[in-house]
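One-letter residues, chain by chain:
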Amino acid sequence: MSNMPFPQQRLRRTRRTERLRGLMRETRISPDDLIYPMFVTVGEDVRNPVPSMPGIFQLSIDNAVAEAKKAYGLGIPGIMLFGIPEHKDEAASGAYDPEGIVQLAVRAIKDALPDLLVITDVCLCEYTSHGHCGVVEKDSGEILNDVSLELLARTAASQAEAGADIVAPSDMMDGRVSAIRAELDREGFENTPIMAYSAKYATTFYGPFRDAAESAPQFGDRRSYQMDPANAREALREVRLDIEEGADIVMVKPALPYLDVLYRVREAIDLPLAAYNVSGEYSMLKAAAQNGWLDERAAVLEALTSIKRAGADIILSYHAPDVARWLAENHQGS
Ligand code: PBG
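As the structure is a computational prediction, the values presented were derived from the model and not from experiment.

A. Representation of the overall build of the protein in the model. Of the regular secondary structure elements, the protein holds 13 helices and 12 strands. The C-alpha radius of gyration computed for the protein amounts to 21 Å, which stays within 12% of the reference 20 Å derived for 334 residues, consistent with globular compactness. Structurally, the protein occupies a C-alpha span of about 75 × 45 × 40 Å along its principal axes. Expressed as a percentage of its 334 residues, the buried residues of the protein come to 54%. Counted over contacts in the protein with a minimum sequence separation of 6, partners at least 24 positions apart contribute 74%. Carbon and sulfur atoms provide 49% of the accessible area of the protein, an area that totals close to 15,500 Å². One way to put it: in the protein the 35 positive side-chain charges average out to a point 12 Å from where the 50 negative ones average out.

Now the structure itself:
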């Protein structure tokens, strides 16, 4: 009896072809799962490489439209937009300017590609002179939660007005989802869904993004509003609160170092769940690949499959176009 295999072992032993392996496979990623984050900046024909994110660029709107077309052509259903404004100030006025960089980019991309989902990041950090996600009280340096809510709500409404299909608050101020929902409804955008960055950790893995978006805080850090990486139960509370406030999609961010959190959230809720494979996760694999230490394609596909296996329905990833290309090649090859 000792050599009697369990059914799973027998299947593995007799698994002679890739087709049989495919039949047994529990998780598959597809371009349909992916959202591609992009950085838009002012000017024309601008394509500034982000040094800490090889392959990622700050793009002027004309080039962003071209890049969005490529993503769309690869079968990627949506993009996420981040803006790098011309001016920053204490009131983050560039965030809710009807002619702001993201608002202009949304209009141009939706004009060119009406079927591509355009999701806008709702936050103030790219637009404030101090780089925090909310309004800061001068003397104490504290973040003023409730004042920030008004500006975030205005930002979301102006993005919806420009044509955003989904708004995605990433600021982590308390009560932002209900404030944004109320403002969207007031302005006639009752049908614009909110994808809430609900369990957003104060992680070091956002480092490269802050180069790309020019949004590093000028003093202090984000630990008074983002979550402690040591806490998982707290993530469930944050997710439940956002759902009560009206979130339509919830997100865990980052992804790979937080797969346990993703799994717990997946078990606890039945809304669509997104995971953000953040800049630092991207840059680690890119750096290892550039050094010849890892096979980029295999590593990226394995990483993204793991994020889906842990429970994500939607994966935001800078690898999205590469992954879509590789999956198409794999498909042709089989
Ligand atoms: C804005 C925001 C951040 C990211 C997405 N939206 C940075 C931050 O909170 O500092 C990070 C994305 C990434 O690292 O890829 N608040």
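Moving on, there is more to tell.
B. Here's a closer look at the packing of aromatic side chains. Counting across every chain of the model gives 8 aromatic pairs. Residues tyrosine 276 and tyrosine 318 carry aromatic rings whose centres are separated by 6.1 Å and whose planes lie at 45 degrees to one another, so their mutual orientation is tilted. With tyrosine 276 in strand E11 (residues 273–277) and tyrosine 318 in the loop between strand E12 (314–317) and helix H13 (320–333), the pair connects residues that are 42 residues apart, well separated along the chain. Using a relative accessible area of 1% as the deciding quantity, one classes tyrosine 276 as buried. Clustering of aromatic rings is evident, with ring pairs tying together Phe39, Phe82, Tyr197, Phe209, Tyr276, Tyr282 and Tyr318. One cation-aromatic arrangement involves lysine 200 over tyrosine 206; the distance from NZ or CZ to the ring centre is 5.4 Å. It is lysine 253 that lies over the ring of tyrosine 276; its NZ or CZ is 4.8 Å from the centre.

C. View of the packing of helix H11 (residues 279–290) against helix H12 (residues 296–309). Packing of H11 against H12 leaves a shortest axis separation of 9 Å and a crossing angle of 160 degrees. Between H11 and H12, the angle falls in the class roughly antiparallel. As for the relative orientation of H11 and H12, their crossing is right-handed in sense. Contact residues: H11 offers Leu285, Lys286 and Ala289, while H12 offers Glu296, Ala299, Val300 and Ala303.

D. Quick peek at helix H7 (residues 176–186). Those residues of H7 not exposed but buried are Arg176, Val177, Ala179, Ile180, Arg181, Glu183 and Leu184. The first or second residue beyond H7 is glycine 188, which carries a positive phi of 90 degrees.

E. Local environment of the site of the ligand. Around the ligand, a shell composed of 18 residues is seen, among which Lys200, Arg210, Lys253, Ser279 and Tyr318 lie nearest. For the ligand, an oxygen atom lies 2.7 Å from a polar atom in the side chain of lysine 200. Summarising the interface, the protein chains cover 100% of the accessible area of the ligand, which totals 400 Å² for the free molecule. Class assignment for the residues of the shell around the ligand results in 10 nonpolar, 3 polar and 5 charged.

F. Quick look at the pattern of salt bridges. Enumeration according to the criterion identifies 15 salt bridges in this entry. As a salt-bridge pair, aspartate 185 and arginine 181 come within 3.1 Å of each other at their nearest N and O atoms. Placement of both aspartate 185 and arginine 181 in helix H7 is noted, with a separation of 4 residues, approximately one turn of the helix. When salt bridges that share partners are traced, they join Lys286, Glu296, Asp322 and Arg325 into one network.

G. The pairing of strand E3 (residues 57–60), seen in detail. Sheet analysis places strand E1 (residues 34–41) next to E3, joined by 3 bridges and oriented parallel. When the sheet's bridge partners are listed, threonine 41 is paired in E3 with serine 60. Both strand E2 (residues 47–49) and E3 contribute to a ladder of 3 bridges, which runs antiparallel. Within E3, the residue paired with proline 49 across the bridge is phenylalanine 57.

H. Geometry of the packing of helix H3 (residues 61–73) against helix H5 (residues 101–112). The N-to-C vectors of H3 and H5 enclose an angle of 45 degrees; their axes lie 10 Å apart at closest approach. It follows that H3 is oblique to H5 by the angle criterion. H3 and H5 meet at a crossing whose hand is right-handed. On the side of H3, the interface is formed by Ile61, Val65, Ala68 and Lys69, while H5 contributes Ile101, Leu104, Ala105, Ala108, Ile109 and Ala112. Class assignment of the residues belonging to the contact of H3 with H5 gives a composition of 9 nonpolar, no polar and 1 charged.

I. Molecular detail of the environment of isoleucine 249. Along the chain, isoleucine 249 turns up in strand E10 (residues 249–253). Between the alpha carbons of isoleucine 249 and alanine 168 there is a distance of 9.0 Å; along the sequence they are 81 residues apart. Among residues more than four places away in sequence, those in contact with isoleucine 249 are Ile166, Ile194, Met195, Ala196, Pro272, Ala274 and Ile314.

Rules behind the numbers
- Numbers given to residues run from 1 along each chain, matching the order in which its sequence is written.
- In keeping with the predicted nature of the model, local features appear solely for residues at pLDDT of at least 70, side-chain atom pairs appear and are counted solely at 80 or more, and the whole-chain, interface and lining totals rest on all residues.
- Excluded from the side-chain calculations are hydrogens and water; all other atoms, namely the structure's heavy atoms, are used.
- A helix here means a DSSP run of H or I that spans at least four residues, while a strand means a run of E at least two residues long, and both kinds are numbered starting from the N terminus.
- Restricting the calculation to C-alpha atoms gives the radius of gyration, and the globule rule supplies 2.2 Å times the number of residues raised to the power 0.38.
- The buried label applies to any residue whose accessible area, calculated with a 1.4 Å probe on protein chains only, is under 20% of its type's maximum; exposed applies above 50%, and partly exposed to all values in between.
- Between two residues, a contact is recorded if the distance between any of their heavy atoms is within 4.5 Å.
- Each accessible area is a Shrake-Rupley estimate made with a 1.4 Å probe; only the visible protein chains count as cover when residues are assessed.
- Here Asp and Glu are counted as negative and Lys and Arg as positive; His is not counted, and neither are the chain ends.
- The atom standing in for a charge is NZ when the residue is Lys, CZ when it is Arg, CG when it is Asp and CD when it is Glu.
- Side-chain rings of Phe, Tyr and Trp, where Trp is taken by its six-membered ring, are said to pair if the distance between their centres is within 6.5 Å; with planes under 30 degrees apart they count as stacked, over 60 as edge-to-face, and otherwise as tilted.
- For a lysine, the NZ atom is tested; for an arginine, the CZ atom; a charge sits over a ring if that atom is within 6 Å of the ring centre and within 35 degrees of the ring normal.
- Convention adopted: a line fitted to C-alpha atoms gives each axis, helices being fitted over their contacting stretch, and angles between N-to-C directions are expressed from 0 to 180 degrees.
- Should an angle fall under 35 degrees it is taken as roughly parallel, and over 145 as roughly antiparallel, whereas 65 to 115 is taken as roughly perpendicular and any remaining angle as oblique.
- Note: crossing handedness is left-handed where the near helix turns anticlockwise from the far helix by less than a right angle, and right-handed where it turns clockwise.
- Near, as used in this document, describes a residue that has one of its heavy atoms within 4 Å of the molecule or strand being considered.
- Any pair of nitrogen or oxygen atoms within 3.5 Å is treated as a polar contact; in protein, a donor-acceptor pairing is required on top of that, and neighbouring residues in sequence qualify only through side-chain atoms on both sides.
- Side-chain classes follow a simple rule in which Ala, Val, Leu, Ile, Met, Phe, Trp, Tyr, Cys and Pro form the nonpolar group, Asp, Glu, Lys and Arg form the charged group, and the remainder, Gly included, forms the polar group.
- Salt-bridge detection follows one rule: a side-chain nitrogen of Lys or Arg within 4 Å of a carboxyl oxygen of Asp or Glu.
- Strands are treated as partners if at least two bridges between them are detected by DSSP.

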